[in-house]
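Residue-level structure breakdown
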Amino acid sequence: MTRWTALLAVMALGAACNDARTPDKSARVQLKKTGAATMEVIPAEGQLPYCLLYTMSEKGVIRQLTLTRENRSIRCDANRPVANTSFRIPVQEGKVRVYVFFSDERVQAGPVAQQLYDLRDKERVTAMDMRLPGRVVVETLEFAPEAGEQEVTGGVVGAGGVVTSDGGTGTGTGAVGGGGSMVPVEPEED
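Heads up: these notes are all about the structure in this document. Quick caveat, the model's predicted, so the values are computed rather than measured.

**As for the overall build of the protein**
Regarding its fold elements, the protein presents two helices and 10 strands. Each helix and strand of the protein, placed in order from N terminus to C terminus, yields the pattern α-β-β-β-β-β-β-β-α-β-β-β. Of all 190 residues assigned to the protein, the portion counted as buried reaches 28%. Of the contacts made within the protein by residues no fewer than 6 positions apart, 65% connect residues no fewer than 24 positions apart. Split by element, the accessible area of the protein, about 12,500 Å² in all, is 52% carbon and sulfur.

**Thoughts on the sheet that holds strand β2 (residues 38–43)**
The three strands are arranged β1-β2-β6 in an open sheet whose pairing can be described as antiparallel. A strand with exactly one partner marks an edge of an open sheet, and here the two such strands are β1 (29–33) and β6 (87–88). The sheet contact formed by β1 and β2 spans five bridges and is antiparallel. Across the sheet, the residue bridging to Lys 33 is Met 39, located in β2.

**Describing helix α2 (residues 109–118)**
Given 3.6 residues per turn, any residue in an α-helix points the same way as the ones three and four places further on. For α2, the set of buried residues is Ala 109, Val 112, Gln 115 and Leu 116. When α2 is viewed along its axis, its buried side chains cluster within an angular range of 125 degrees and face the same direction. Tucked inside the fold, the buried residues of α2 contact β3 (50–57), β4 (62–64) and β7 (96–103).

**What to know about the nonpolar core**
Membership of the largest hydrophobic core comes to 18 residues, with the highest contact counts inside it found for Met 39, Val 41, Cys 51, Leu 53, Val 82 and Val 100. Secondary structure elements with two or more residues in this core: β2, β3, β7 and β8 (136–143). Broken down by element, the residue count for this core peaks at four residues, all from β7. Beyond its immediate chain neighbours, meaning those up to four positions away, Val 82 contacts Val 41, Pro 43, Cys 51, Leu 53, Thr 66, Ile 74, Cys 76 and Phe 87.

**Quick look at the state of the cysteines**
Under the defined criterion, the tally for this structure stands at one disulfide. Two residues share a disulfide in this structure: Cys 51 and Cys 76, whose sulfurs sit 1.7 Å from each other. On the sign convention where negative is left-handed, the bridge of Cys 51 and Cys 76, at about -60 degrees about the S-S bond, is left-handed. In this pair, Cys 51 sits in strand β3 while Cys 76 sits in the loop between β5 (74–75) and β6, placing the two residues 25 residues apart along the sequence. The burial state of Cys 51 is the same as that of Cys 76; both residues are buried.

**Overview of the environment of Phe 87**
Following the sequence through the fold, Phe 87 ends up in strand β6. Taking relative accessible area as the criterion, Phe 87 reaches 8% and is therefore assigned buried. Each C-alpha atom of the pair Phe 87 and Lys 33 lies 9.6 Å from the other, and the pair is 54 residues apart in sequence.

**Notes on unusual backbone geometry**
In this structure, Ala 83 takes a positive phi of about 60 degrees despite not being glycine. As for its placement among the helices and strands, Ala 83 is situated in the loop between β5 and β6.

**What about the packing of aromatic side chains?**
Given two aromatic rings, one states the distance between the centres and the angle between the planes to describe the pair. Here the structure, examined in full by the defined rule, presents two aromatic pairs. Members of the aromatic cluster, connected to one another through ring pairs, are Tyr 54, Tyr 99 and Phe 101. Against the face of Tyr 50 rests Arg 75, its NZ or CZ located 5.6 Å from the ring centre. Over the face of the ring belonging to Tyr 117 we find Arg 120, whose NZ or CZ atom lies 3.9 Å from the ring centre.

**Re the side chain of Ser 57**
Residue position: Ser 57 is located in strand β3. Residues within four places of Ser 57 in sequence aside, it is in contact with Glu 93, Lys 95 and Val 96.

**Considerations on the pattern of salt bridges**
Think of it this way: side chains of opposite charge can pair up when their charged atoms draw near. Per the stated rule, a full pass over the model turns up eight salt bridges. Linking Glu 93 and Arg 63 is a salt bridge whose minimum nitrogen-to-oxygen distance equals 2.4 Å. In this pair, Glu 93 is assigned in the loop between β6 and β7 and Arg 63 in strand β4, connecting sequence segments 30 residues apart. Overall, the relative accessible area of 10% leaves Glu 93 in the buried class. Taking the relative accessible area as the measure of exposure, Arg 63 reaches 33% and is therefore partly exposed. Each of Arg 75, Asp 77 and Arg 80 takes part in salt bridges that share partners, so that together they form one network.

Reading the values: rules and limits
Numbering of residues starts from 1 in every chain and runs along the sequence as written. The model is predicted, so local features are restricted to residues of pLDDT at least 70 and side-chain atom pairs to those at 80 or more, both for listing and for counting; the totals for chains, interfaces and linings are taken over all residues. Processing note: side-chain calculations cover all non-hydrogen atoms of the structure and skip hydrogens and water entirely. The helix and strand labels rest on DSSP assignments: H or I over at least four residues marks a helix, E over at least two residues marks a strand, and numbering proceeds from the N terminus. For every residue, the accessible area (1.4 Å probe, protein chains only) is compared with the maximum for its type, and the residue is labelled buried under 20%, exposed over 50%, or partly exposed between those bounds. We call two residues in contact when some of their heavy atoms are within 4.5 Å. Here the open area of atoms and residues is found with the Shrake-Rupley method and a 1.4 Å probe, where only the protein chains shown may cover a residue. Here, any two strands with at least 2 DSSP bridges between them count as paired. As used here, the arc is the angular range of directions from the helix axis to the C-beta atoms. Residues belong to one nonpolar core when they are buried, are Ala, Val, Leu, Ile, Met, Phe, Trp, Tyr or Cys, and are joined through side-chain atoms within 4.5 Å. Cysteine sulfur atoms that come within 2.5 Å of each other are treated as a disulfide pair. Here the aromatic set is Phe, Tyr and Trp, taking the six-membered ring for Trp, and pairing holds for ring centres within 6.5 Å; pairs whose planes are under 30 degrees apart are stacked, those over 60 apart are edge-to-face, and all others are tilted. A ring is considered to have a charge above it if a Lys NZ or an Arg CZ atom is located within 6 Å of its centre and within 35 degrees of its normal. For salt bridges, the criterion is a side-chain nitrogen of Lys or Arg within 4 Å of an Asp or Glu carboxyl oxygen.

So, in structure tokens, the structure goes:
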């Protein structure tokens, strides 16, 4: 009877260990689709305080999404979109891998971009592949932009506050009320 009790205890302990395993790494950050070709990147609780975002498209184009004057990583607060913005991914470049580099100190973005370029043929990039100071964690996600509605850029305002063109969208006739996509907006009275 003691053998069965010991066996059951070992099995229960093994089951408890499986339930207590580390959380799935995708729990570090979430991609939230905000449009056909736009996304927000939202860090989870407990991540390192700074981050850099890069995308690498199927066509091999690498883009740095978190640009600052100092060209360094930015503060990334948990449960809030990085840079409080949505990022647009060009549809013509195809599906992208989104690289999120979390760090415990502000990191220069230039060397990260160069290393990512050097590793562009590697299927998976990890923090061990990078030569970066401090603690660094890399999260890789995928996003597939889709063709959607045409972007609205607004009208070009000329002398006297008159809208002179449709802002390059090709949908208007160049004058407000001329059958284009622009609608005159009247100011509200107080």
